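Per-entry structural report
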Amino acid sequence: MANPSKKKSKKINFHEQLVLTQWLWSKFNPDNIKDMHELLDLPVHEGIEHGGDNVGQTKFFTELTRDLVGKQTLDIDTLRRYDRNIVCHWLQISEARNEQANSELNLKYFQYLSLLFTEYYLDQYFNHSEQMLEELNATVVAYNEDKSDSEILQPYVANDLNKVAYWSATGSGKTLLMHINIL
């Protein structure tokens, strides 16, 4: 006879266990990769704005900030600052390659999102680490709600926050992202 005190749970999807990713997605609109893919994965959104209100920003920024009222956890000025950091570093690492190839290397949307998430993470880590830790642990608590004892994740401690990893496909530009993060 089965023990009624044991929680029944469905098989855990690996992606659902990425609590840090869940926390990061909660800060952005759209708040998931599928909708972000639909919004940003068009060649017309790649590159840097050379006219209009967002000169010097990525076209991704322009698309992300279109119709944001009440939908974004981050304010537009913070997003603008993150985007400018990304543009500055991207131009620095792609300048020689662009001259050599006589063309412009542009970020793909998934590279941009990796860098944008990193900007947010580092800003929180260096400037709001206590709040970040509280929010991450609230995400862990929500994750653990319907899990069995063997599936429960432990809360974060401050020492856990000094590590970040990228998980991307082969050929997706991780080396470029690493160089930007070094800058």
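Refer to the structure above for everything that follows.
Residues numbered from 1 in each chain as written. Predicted model: local features only at pLDDT ≥ 70, side-chain atom pairs only at ≥ 80, totals over all residues. Heavy atoms only, no water.

1. What to know about the nonpolar core
The condition is simple: Each nonpolar core is a collection of buried residues, namely Ala, Val, Leu, Ile, Met, Phe, Trp, Tyr and Cys, held together in the definition by side-chain atoms within 4.5 Å. Note on exposure labels: buried denotes an accessible area under 20% of the residue type's maximum, exposed denotes more than 50%, and partly exposed covers the range between, all computed with a 1.4 Å probe on protein chains only. Segments assigned H or I by DSSP are reported as helices when at least four residues long, segments assigned E as strands when at least two residues long, and all are numbered from the N terminus.
In this structure, Phe 28, Tyr 112 and Leu 116 are the most contacted members of the largest nonpolar core, which totals 30 residues. Broken down by secondary-structure element, the contributors of at least two residues to this core are helix 1 (19-25), helix 2 (33-40), helix 3 (59-64), helix 4 (76-101), helix 5 (109-127), helix 6 (129-144) and helix 7 (174-182). At eight residues, the largest contribution of residues to this core is made by helix 5.

2. A word on the pattern of salt bridges
Pairing is possible between side chains that carry opposite charge, provided their charged atoms lie close to one another. Here is the rule we go by: For this document, the term salt bridge refers to a Lys or Arg side-chain nitrogen within 4 Å of an Asp or Glu carboxyl oxygen.
On inspection of all chains with the given rule, the structure shows six salt bridges. Lys 108 serves as the salt-bridge partner of Glu 46, at 3.1 Å between the closest nitrogen and oxygen. Residue Glu 46 is located in the loop between helix 2 and helix 3, and its partner Lys 108 is located in the loop between helix 4 and helix 5; the two are separated by 62 residues in the primary sequence. By relative accessible area, Lys 108 is classed as partly exposed at 35%.

3. Side note on helix 7
The test is simple: Throughout, the arc means that of the directions going from the helix axis to the C-beta atoms. Residue contacts follow a heavy-atom distance rule, with two residues in contact if any of their heavy atoms lie within 4.5 Å.
Every buried residue of helix 7 is listed here: Leu 176, Leu 177 and Ile 180. End-on, the buried residues of helix 7 take up no more than an arc of 100°, which puts them together on one face. Exposed positions of helix 7 whose direction lies more than 90 degrees from the buried face are Thr 175 and Ile 182. Of the surrounding secondary structure, the elements contacted by the buried residues of helix 7 are helix 4 and helix 5.

4. Observations regarding the layout of surface pockets
Spelled out, the test is: Space inside and on the surface of the protein is sampled on a 1 Å grid over the protein atoms alone, with a cavity defined as a set of points where a 1.4 Å probe fits but cannot get out and a pocket as an open set with protein on both sides within 12 Å along at least 5 of 7 lines; lining residues have an atom within 4 Å of a point. Grid points are joined across faces, edges and corners, and a volume is the space filled by probe spheres set on the points.
Taken as a whole, the largest pocket holds about 970 Å³ of empty space. Listing elements by their share of the lining of the largest pocket, those giving two or more residues are helix 1 and helix 5. The element that contributes the greatest number of residues to the lining of the largest pocket is helix 5, accounting for seven residues.

5. Topic: the packing of helix 4 against helix 7
Keep this limit in mind: Geometry is summarised by axes, namely lines fitted to C-alpha atoms with helices restricted to the contacting stretch, and by angles between N-to-C directions that run from 0 to 180 degrees. Here the angle decides the label: under 35 degrees means roughly parallel, over 145 means roughly antiparallel, 65 to 115 means roughly perpendicular, and every other value means oblique. Crossing chirality is assigned from the near helix's rotation relative to the far helix, an anticlockwise turn below a right angle marking it left-handed and a clockwise turn marking it right-handed.
Where helix 4 contacts helix 7, the two axes come as close as 8 Å, and the packing angle between them is 125°. Classified by the angle between their axes, helix 4 and helix 7 sit oblique to one another. The chirality of how helix 4 crosses helix 7 is right-handed. Taken together, the residues of helix 7 that come into contact with helix 4 (itself represented by His 89, Trp 90, Ile 93 and Arg 97) are Leu 176, His 179 and Ile 180.

6. Quick word on helix 4
Operational definition: Note that the bend at a residue is defined as the angle between axes fitted to the seven residues ending at it and the seven residues starting at it. In the analysis that follows, any N or O atom pair within 3.5 Å is treated as a polar contact, provided that within protein one partner can donate a hydrogen and the other can accept it, and provided that, for residues neighboring in sequence, both atoms belong to side chains.
A bend of about 50° at Ser 94 is the largest found in helix 4. Within the span of helix 4, buried status applies to Thr 78, Leu 79, Arg 80, Tyr 82, Asp 83, Ile 86, Val 87, His 89, Trp 90, Ser 94 and Asn 98. Looking at the buried side of helix 4, the elements it contacts are helix 3, helix 5 and helix 7. Sitting at the head of helix 4, Asp 75 places a side-chain oxygen 3.1 Å from the backbone nitrogen of Asp 77. Just downstream of helix 4, Asn 102 is the residue with a positive phi angle, here 55°.

7. What to know about unusual backbone geometry
Residues Asn 29 and Pro 30 are joined by a peptide bond in cis, for which omega reads -5°. Positionally, Pro 30 belongs in the loop between helix 1 and helix 2. Even without being a glycine, Asn 102 presents a positive backbone phi close to 55°.

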